[in-house]
Amino acid sequence: MNRITENLRRINSDIRSAESHSKREANSVQLLAVSKTKPSSDIIEAYQAGQRHFGENYLQEALTKQKELSHYQIIWHFIGPIQSNKTKQIAENFSWVHSVDRLKIAQRLSNQRPDSLPPLNICLQVNISQEESKAGIKLTELASMIKQIEQLPGIKLRGVMAIPEPAQGYEQQRQPYRLLHQTIKALKKPELDTFSFGMTRDLKAAIIEGATIIRIGTALFGTRT
Ligand SMILES: *Cc1c(COP(=O)(O)O)cnc(C)c1O
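Basis of the calculations
- Residues numbered from 1 in each chain as written.
- Predicted model: local features only at pLDDT ≥ 70, side-chain atom pairs only at ≥ 80, totals over all residues.
- Heavy atoms only, no water.
- Buried < 20%, exposed > 50% of the residue type's maximum accessible area, 1.4 Å probe, protein only.
- Helix = DSSP H or I, 4+ residues; strand = E, 2+ residues; numbered from the N terminus.
- Arc of directions from axis to C-beta.
- Contact = heavy atoms within 4.5 Å.
- Pairing = 2+ DSSP bridges.
- Axes fitted to C-alpha atoms, helices over the stretch in contact; angles between N-to-C directions.
- Near = heavy atom within 4 Å.
- Polar contact = N/O pair within 3.5 Å; in protein donor to acceptor, adjacent residues only side chain to side chain.
- Areas by Shrake-Rupley, 256 points an atom, 1.4 Å probe, with all protein chains shown as cover.
- Nonpolar A, V, L, I, M, F, W, Y, C, P; charged D, E, K, R; others polar.

### Considerations on helix α2 (residues 40–48)
Part 1 of the reasoning: Listed as buried for α2 are Ser40, Asp42, Ile43, Ala46 and Tyr47. The buried residues of α2 occupy an angular sector of 155° when projected down its axis, which confines them to one face.
Part 2 of the reasoning: On its buried face, α2 is in contact with α1 (3–21), β2 (53–56), α3 (59–68), β3 (75–78) and α9 (218–221).
Part 3 of the reasoning: Of the residues trailing α2, Gly50 is marked for its positive phi of about 110°.

If you want it as structure tokens, here you go:
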């Protein structure tokens, strides 16, 4: 078995155990394979081992790989920072965007989504640890932002993405995710069904607090150079 296949099996098995430990339904948490900086050959290895969802951060790099891999049934997620001059190509070439952090970006993605494609799935990136330097919507602005964004026809608001600041213990890791999950649940919008929450270091905490997508790069593909 090659290295990526082995890593993929281990990560999926970690996700399944965390689901079961958290009394979550089996397969309710999906792995997003973060392939930024990694060659198409690595993506093919993971694909052949069953992985279908891949996440990219840099548009030009992603477009090159999408061209090389156009014969594979890959579901592409954009998870990096978004400049407004990049929205058109993102709207045309991805199924999901996790990193929408302002209304203007959502409006542009909606306007620029081709009619021939289904609405673009969107998660709002929330600055859950209230770090001044970090991208993301403030928790206090979330409800009003959702109201504006859910009207846009070219996109389908699916939920939230968060990258909390690293925390030491399991309990500390859980807190920001719990707060964000409760905030969304309180809105009583069942169509907001996506919580793009955890990474390698906090997978268990994210899953017990409702993650539906775990984003993992290094543990699957190895360190980036
Ligand atoms: C790079 C990245 C990841 C994956 O990080 P690793 O440490 O390589 O697992 C997850 N989410 C986002 C938003 C990223 O940019």
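### Considerations on the sheet that holds strand β7 (residues 194–198)
Part 1 of the reasoning: Strands sit in the order β1-β2-β3-β4-β5-β6-β7-β8 around a closed barrel of eight strands; the barrel is parallel. With direction set aside, neighbouring strand axes in the sheet form an average angle of 30°.
Part 2 of the reasoning: Note that strand β6 (residues 155–162) and β7 share three bridges and pair parallel. Residue pairing across strands places Gly159 opposite Thr194, the latter belonging to β7.

### Notes on the site of the ligand
Part 1 of the reasoning: Around the ligand lies a shell formed by Val34, Lys36, Asn57, Ile79, Ile163, Met199, Thr200, Arg215, Ile216, Gly217, Thr218 and Arg224.
Part 2 of the reasoning: Between the ligand and Lys36 there is a distance of 2.7 Å, counted from an oxygen atom to a side-chain nitrogen or oxygen.
Part 3 of the reasoning: Here Gly217 contributes a backbone N or O atom positioned 2.8 Å from an oxygen atom of the ligand.
Part 4 of the reasoning: For the ligand, whose free accessible area comes to 390 Å², the fraction covered by protein is 85%.
Part 5 of the reasoning: Among the residues making up the shell around the ligand, the classes are represented as five nonpolar, four polar and three charged.

### Looking at unusual backbone geometry
Part 1 of the reasoning: Of note in this structure, Asn27 is not a glycine but carries a positive phi near 65°.
Part 2 of the reasoning: With respect to the helices and strands, the residue Asn27 is situated in the loop between α1 and β1 (30–34).
Part 3 of the reasoning: The residue Lys188 is not glycine, and still its phi comes out positive at about 55°.
Part 4 of the reasoning: With respect to the helices and strands, Lys188 occurs in the loop between α7 (170–185) and β7.
Part 5 of the reasoning: Among the residues examined, Lys188 registers a relative accessible area of 70% and is labelled exposed.

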